[in-house]
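# Residue-level structural notes
What follows is each chain in one-letter form.
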Amino acid sequence: MDIELERPLRILIMAAEIVPFAKVGGLADVVGALPKALQDLGHDVRLVMPRYGQVSPERFQLTSVLDAVTVKMSQYQEQVRIMQGSIGNDIPVYMVDAPRYFDRENIYGYIDDGERFILFCRAALETMRLLDWSPDIIHCNDWQTGIVPNWMHTVYHEDPFFSDAATVYTIHNLAYQGIFGYRILEVAGVASGGFLYPQIVELANVVDIMARGIHFSDAITTVSERYAQEILTPTFGEKLDPLLRSRRERLFGILNGIDYLEMNPATDHYIRSQFNSASLEKRAGNKQALQERAHLPVRSDVPLLAMISRLADQKGFDLISQISQPLLAQGVQLVVLGIGDQHYHEMFQNLAVRYPQQVAIFLTFNSELAQSIYAGSDMFLMPSRFEPCGLGQLIAMRYGSVPIVRKVGGLADTVQEYDPRSGLGNGFTFDNYDPWDLFAAIVRALELFRFKDVWRTLQQRGMEADHSWHASAMRYVDVYRDAIAFHKSGK
Ligand code: ADP
């Protein structure tokens, strides 16, 4: 084995969201946890993200490391400050502090999102130069950082500081590609390369930043093996399947883990009654706490179904709406925590008004409440249209809530239908995106719920499965080494 390749790596991870500082979805969980596992494997990991207005310097004890970094955008210069926080065992998290761009109410959703994240990326790379820390790997995540691999072939191409840096690009969700008009190429300083994809009709006249990340990176990953296969097809490829197929030998699926220290029912202080797989009886206290908090009748015998999710079309809420009446006719309770599209807010509000004894809806983002729902529910629903990995089902299993999921993406890789003949399986699944298939899966779960011993076996199986980051981090390191080899070969 090449000794050079075996040495610890300097890994720079760039992302728009990182737990505990800012979170919209699973991206933040991943980037908040993977680095700790990489560090445990002996690597030097550093992170960089924007400092949003809501990331309080006092609360997170941020320090200022560089007071004035000049960031060259193509038509102007911007001065930013670099602050620093940390996660885990002193893993540095650099934050680009540029209030004009990031001191806003939300993380995304602005007309200048393209400029905002291009500034962020440029500032992040220049910061590494000023800190004299040249990475072996630049690990980019989702569209917000997709311009970086493009730059490694253009503006930074001849730059000795970055010449050894290989890029790895992780797709957390292909549905959000960062699509802009031509001007963004000028902002990014890469206009001379043109649009890139005249052959893909939908991309002929737009700039798709995620496509650039895929096209230019040394290696590409996505967050489950099944999703890595699915996105090569038109059904899941979100128009990028031809591009992905052309790079399939560099595309790897690596399942996300969850943070086993943070997500641990035996130590979680957000829940009323701590428990483990050998003391599942204590879990009853959490169901009671949840029913009280949700103003639902406190009854241990009634099956309590839960959803915790962005309220977006991806997550299959239209299926729930089509079966809500027959589902509630089964006498179940349903607790939903989510925030997102207005029409789903209304749909659930209406249900809660109609069925106050059965349905409770929390239209907010609240991580503490999420833990009590994972710990107190009997079943966890994820009937997604598509699901790159899905963390909800993993956390649910860790907390003894049995998942009912559609067999797509990472859900298919992590949840297996309970088979009464063999006794194998850890949840309930359905194939077609069809309300009655979902309903049938729920009915199978409700049937089994009556058999307490078997149900407990399912819970224990979920709780004892290993979805920690350790194994996945080792796979990332393999991909990092592959990326370095690809980079060196100049391919
Ligand atoms: P996605 O990344 O598509 O949103 P995932 O299942 O991969 O879906 O990750 C969602 C993460 O966000 C999980 O950790 C889930 O518990 C959390 N989450 C989603 N909505 C909320 C909410 N309203 N309040 C608290 N946590 C939430």
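All figures in this text were calculated on a predicted structure; none of them were measured in a lab. (Residues numbered from 1 in each chain as written. Predicted model: local features only at pLDDT ≥ 70, side-chain atom pairs only at ≥ 80, totals over all residues. Heavy atoms only, no water.)

## Considerations on the overall build of the protein chain
Applied cut-off: A run of H or I in DSSP becomes a helix once it reaches four residues, and a run of E becomes a strand once it reaches two; helices and strands are each numbered from the N terminus. Throughout, radius of gyration means the C-alpha value; the globule benchmark is 2.2 Å times the number of residues raised to the power 0.38. The cut-offs for exposure are 20% and 50% of the maximum accessible area for each residue type, with area from a 1.4 Å probe on protein chains only; residues under the lower value are buried, those over the upper are exposed, and the others partly exposed. Throughout, a contact is declared for two residues whenever any of their heavy atoms are within 4.5 Å. Accessible surface is estimated by sampling points in the Shrake-Rupley manner with a 1.4 Å probe; for residues, cover comes only from the protein chains shown. All tallies of charge rest on Lys and Arg as positive and Asp and Glu as negative; His and the ends of each chain are not included. Lysine's charge is taken at NZ, arginine's at CZ, aspartate's at CG and glutamate's at CD.
Assigned secondary structure in the protein chain consists of 18 helices and 17 strands. Taken over C-alpha atoms, the radius of gyration comes to 23 Å for the protein chain, in line with the 23 Å a tight globule of 491 residues would show. Seen through its C-alpha atoms, the protein chain measures out along the principal axes to roughly 65 × 50 × 50 Å. Per-residue burial over the protein chain gives 60% buried out of 491 residues. Partitioning the intrachain contacts of the protein chain with sequence separation of at least 6 by distance along the chain shows that 72% fall at a separation of at least 24. As displayed, the protein chain offers around 19,900 Å² of accessible surface, 50% of which is attributable to carbon and sulfur atoms. Averaged over its 45 positive side-chain charges, the protein chain has a centre that lies 3 Å from the centre of its 58 negative ones.

## Let's talk about the layout of surface pockets
Here is the rule: With a 1 Å grid spanning the protein atoms alone, the term cavity applies to any set of points in which a 1.4 Å probe fits but cannot get out, the term pocket to an open set with protein on both sides within 12 Å along at least five of seven lines, and the term lining residue to any residue with an atom within 4 Å of a point. Grid points are joined across faces, edges and corners, and a volume is the space filled by probe spheres set on the points. Put simply, Ala, Val, Leu, Ile, Met, Phe, Trp, Tyr, Cys and Pro go in the nonpolar bin, Asp, Glu, Lys and Arg in the charged bin, and everything else, Gly too, in the polar bin.
Each pocket or cavity is described by its volume, and for the second largest pocket that value is around 340 Å³. Of all the secondary structure elements, the ones that give two or more residues to the lining of the second largest pocket are helix H10 (284-293) and helix H17 (452-464). The dominant element in the lining of the second largest pocket, judged by the number of residues it contributes, is H17, at 4 residues. Of the residues assigned to the lining of the second largest pocket, the class counts are 4 nonpolar, 3 polar and 6 charged.

## Observations concerning the sheet that holds strand E13 (residues 333-340)
Heads up, the rule is: Between any two strands, at least two bridges found by DSSP are needed for them to pair. To get an axis, fit a line to the C-alpha atoms, keeping to the stretch in contact for a helix; angles then go from 0 to 180 degrees between the N-to-C directions.
In spatial order, the strands read E14-E13-E12-E15-E16-E17; together these 6 strands make up an open sheet with parallel pairing. Lying at the two open borders of the sheet, with one neighbouring strand each, are strand E14 (359-362) and strand E17 (428-430). Neighbouring strand axes in the sheet, compared pairwise and without regard to direction, differ in orientation by 15° on average. Across 3 bridges, strand E16 (residues 402-406) lies against E17 in parallel orientation.

## Side note on the pattern of salt bridges
Applicable threshold: Criterion for a salt bridge: a side-chain nitrogen of Lys or Arg within 4 Å of a carboxyl oxygen of Asp or Glu.
If you walk through the whole model with that rule in mind, you get 26 salt bridges. Here Glu292 makes a salt bridge to Arg272, at a shortest N to O gap of 2.8 Å. Remark: Arg272 occurs in the loop between strand E11 (251-253) and H10 and Glu292 occurs in helix H10; sequence separation between them is 20 residues. By relative accessible area, Glu292 is classed as partly exposed at 34%. Under the relative-accessibility criterion, Arg272 is labelled exposed at 51%.

## Quick look at the domain arrangement of the protein chain
Going by this rule: Residue ranges for the domains trace back to a domain assignment, done automatically or taken from a database. Here the quantity called buried area is the accessible surface, traced with a 1.4 Å probe, that two parts lose on coming together, added over both. What qualifies as a polar contact is a pair of N or O atoms within 3.5 Å, subject to a donor-acceptor requirement within protein and to the restriction that residues adjacent in sequence count only when both atoms come from side chains.
Per the domain assignment, the segments of the protein chain are domain 1 (3-257 + 470-489) and domain 2 (280-466). With centres defined by C-alpha atoms, the gap from domain 1 to domain 2 works out at 33 Å. Contacts between the two partners involve 19 residues from domain 1 and, on the opposite side, 17 residues from domain 2. When the two sides are added together, the surface that domain 1 and domain 2 hide from each other amounts to roughly 1,400 Å², 64% of it contributed by carbon and sulfur. Among the residues domain 1 hides against domain 2, the three largest losses belong to Arg226, Phe236 and Leu255. Together they make up 30% of the total. Remark: the boundary between domain 1 and domain 2 carries 8 residue pairs in polar contact (both at pLDDT 80 or more). When contributions to the side of domain 1 that touches domain 2 are tallied by element, the ones reaching two or more residues are helix H2 (26-40) and helix H8 (225-230). For the side of domain 1 that touches domain 2, the element with the most residues is H8, which contributes 4 residues. A breakdown of the residues in the side of domain 1 that touches domain 2 according to their chemical character gives 7 nonpolar, 6 polar and 6 charged.

## Considerations on the packing of aromatic side chains
The condition is simple: Note on aromatic contacts: the rings of Phe and Tyr and the six-membered ring of Trp form a pair at centre separations within 6.5 Å, being stacked when their planes are under 30 degrees apart, edge-to-face when over 60 apart, and tilted otherwise. By definition, being over a ring means that NZ of Lys or CZ of Arg is both within 6 Å of the ring centre and within 35 degrees of the ring normal.
What the rule picks out here adds up to 20 aromatic pairs. Relative to Tyr156, the ring of Trp151 lies with its centre 6.2 Å away and its plane at 65°, an arrangement referred to as edge-to-face. Trp151 sits in the buried class, given a relative accessible area of 0%. An aromatic cluster of three or more residues is present, and its members are Tyr52, Tyr101, Phe102, Tyr108, Phe117, Phe120, Trp143 and Phe180. Between Arg122 and the ring centre of Trp151, over which it is positioned, the NZ or CZ distance is 5.5 Å.

## Topic: the side chain of Asp259
As for its placement among the helices and strands, Asp259 is situated in the loop between E11 and H10. Polar contacts involving the side chain of Asp259 include one to the side chain of Lys36, which spans 3.0 Å. Reaching out from Asp259, the side chain makes a polar contact with the backbone nitrogen of Leu261 at a distance of 3.1 Å.

## What about helix H4 (residues 113-130)?
The criterion, for reference: Expected helix span is taken as 1.5 Å per residue step, with the number of steps being one fewer than the number of residues.
With 18 residues, H4 extends 26 Å from end C-alpha to end C-alpha; this agrees with the ideal 26 Å at 1.5 Å per step. Counting buried residues along H4, 16 of its 18 residues qualify, which places the element largely inside the surrounding structure. One or two residues past the end of H4 sits Asp132, with phi positive at roughly 55°.

## Looking at the environment of Ile373
By secondary structure assignment, the location of Ile373 is in helix H13 (residues 367-376). Owing to a relative accessible area of 0%, Ile373 belongs among the buried residues under this scheme. Setting aside anything within four residues of it in sequence, one finds Ile373 in contact with Leu290, Ala306, Ile308, Val335 and Leu337.

## Comments concerning the packing of H10 against H13
Two packed helices can be described by the angle between their axes and the distance between those axes. Where we set the bar: Reported orientations rely on four angle classes, namely roughly parallel under 35 degrees, roughly antiparallel over 145, roughly perpendicular from 65 to 115, and oblique for the rest. For any helix crossing, the convention is left-handed if the near helix is rotated counterclockwise from the far helix by under a right angle, and right-handed if that rotation is clockwise.
At a minimum axis separation of 8 Å, H10 and H13 run at an interaxial angle of 125°. Here H10 lies oblique to H13, going by the angle between them. As for the relative orientation of H10 and H13, their crossing is left-handed in sense. On the side of H10, the interface is formed by Asn286, Lys287, Leu290 and Arg293, while H13 contributes Glu368, Leu369, Ser372, Ile373, Ala375 and Gly376. Among the residues making up the contact of H10 with H13, the classes are represented as 4 nonpolar, 3 polar and 3 charged.

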